[in-house]
Amino acid sequence: MTRKYIDCREYPSEMNCSVALAADSEGELLEAAVQHATTVHKHADTPELRTQLKSLFHDGTPPVETPPRA
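Everything numeric in this text was worked out from a predicted model, so none of it was measured.

### Details of the overall build of the chain
Broken down by element type, the chain carries two helices and three strands. Taken from the N to the C terminus, the helices and strands of the chain come in the order β-β-α-α-β. Here the C-alpha radius of gyration of the chain, 11 Å, is about what a compact globule of 70 residues would show, namely 11 Å. With the C-alpha coordinates aligned to their principal axes, the bounding extent of the chain is approximately 30 × 25 × 15 Å. Carbon and sulfur atoms make up 53% of the accessible area of the chain, which amounts to about 4600 Å² in all. When the 7 basic and 11 acidic side-chain charges of the chain are each reduced to a single mean position, those positions are 1 Å apart.

### Examining the nonpolar core
Membership of the largest hydrophobic core is limited to eleven residues, which are Ile6, Ala23, Leu29, Leu30, Ala33, Val34, Ala37, Leu49, Leu53, Leu56 and Phe57. The set of elements that each furnish at least two residues to this core consists of helix H1 (26-39) and helix H2 (47-55). It is H1 that contributes the most residues to this core, five residues altogether. Sequence-distant contacts of Ile6, that is, excluding residues within four places in its chain, are made with Ala20, Leu21, Leu29, Ala33, Leu53, Leu56 and Phe57.

### Points about the environment of His58
As for its position among the elements, His58 is in strand E3 (residues 58-59). The spacing of His58 and Thr39 is 19 residues in sequence and 22 Å in space, taken between C-alpha atoms. The residues touching His58, leaving out its near neighbours within four places in the chain, are Arg3, Lys4, Tyr5 and Glu10. A polar contact is formed between the side chain of His58 and the side chain of Glu10, at a distance of 3.0 Å.

### Some details on the sheet that holds strand E2 (residues 20-23)
Read across the sheet, three strands follow the order E2-E1-E3 without closing on themselves; strand pairing throughout is antiparallel. The open sheet has two edge strands, E2 and E3, and neither has a second partner. Sheet topology places strand E1 (residues 4-7) next to E3; two bridges connect them, and they run antiparallel. Residue pairing across strands places Lys4 opposite Asp59, the latter belonging to E3. The sheet contacts of H1 involve E1 and E2, and relative to E2 the element is tilted by about 155°.

Calculation notes
- Sequence order sets the numbering: in each chain, residues are counted from 1 along the sequence as written.
- Local features in this predicted model are restricted to residues whose pLDDT is 70 or higher, and side-chain atom pairs enter the listing and the counts only when it is 80 or higher, whereas totals over whole chains, interfaces and linings include all residues.
- Side-chain numbers here rest on the full set of heavy atoms in the structure, without hydrogens or water.
- Secondary structure counts use DSSP, requiring at least four H or I residues in a row for a helix and at least two E residues in a row for a strand, with both numbered from the N terminus.
- Two things to know: the radius of gyration comes from C-alpha atoms, and the globule rule equals 2.2 Å times the number of residues to the power 0.38.
- All accessibility values rest on the Shrake-Rupley procedure with a 1.4 Å probe; residue burial counts only the protein chains present in the view.
- None of His or the chain ends enter the tally, which takes Lys and Arg as positive and Asp and Glu as negative.
- All charge positions are set by atom: Lys at NZ, Arg at CZ, Asp at CG, Glu at CD.
- To form a nonpolar core, buried Ala, Val, Leu, Ile, Met, Phe, Trp, Tyr and Cys residues must be joined to one another through side-chain atoms within 4.5 Å.
- Working definition: with a 1.4 Å probe on protein chains only, accessible area under 20% of the residue-type maximum means buried, over 50% means exposed, and in between means partly exposed.
- Residue contacts are counted whenever heavy atoms from the two residues lie within 4.5 Å of one another.
- Under this definition, polar contacts are N or O atom pairs within 3.5 Å; protein pairs additionally need one hydrogen-donor-capable and one acceptor-capable atom, and for neighbouring residues in sequence, both atoms have to be side-chain atoms.
- Should DSSP find at least two bridges between two strands, the strands are regarded as paired.
- Convention adopted: a line fitted to C-alpha atoms gives each axis, helices being fitted over their contacting stretch, and angles between N-to-C directions are expressed from 0 to 180 degrees.

Shown next, in the form of structure tokens:
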């Protein structure tokens, strides 16, 4: 199975979040990303949020350098 990651540095936010999360399974990554989004960014845990987060997953591991923002 391919490692997956999501990187908050790719998306603008008021707090300039520098968190990147990675996991060996999509389910584990989704739960960590939802927890981060709801706790830190105050999003509601909805099916739409989960779908959006899954669409932002990448294969591999996060880069060391800050990626360009969307």
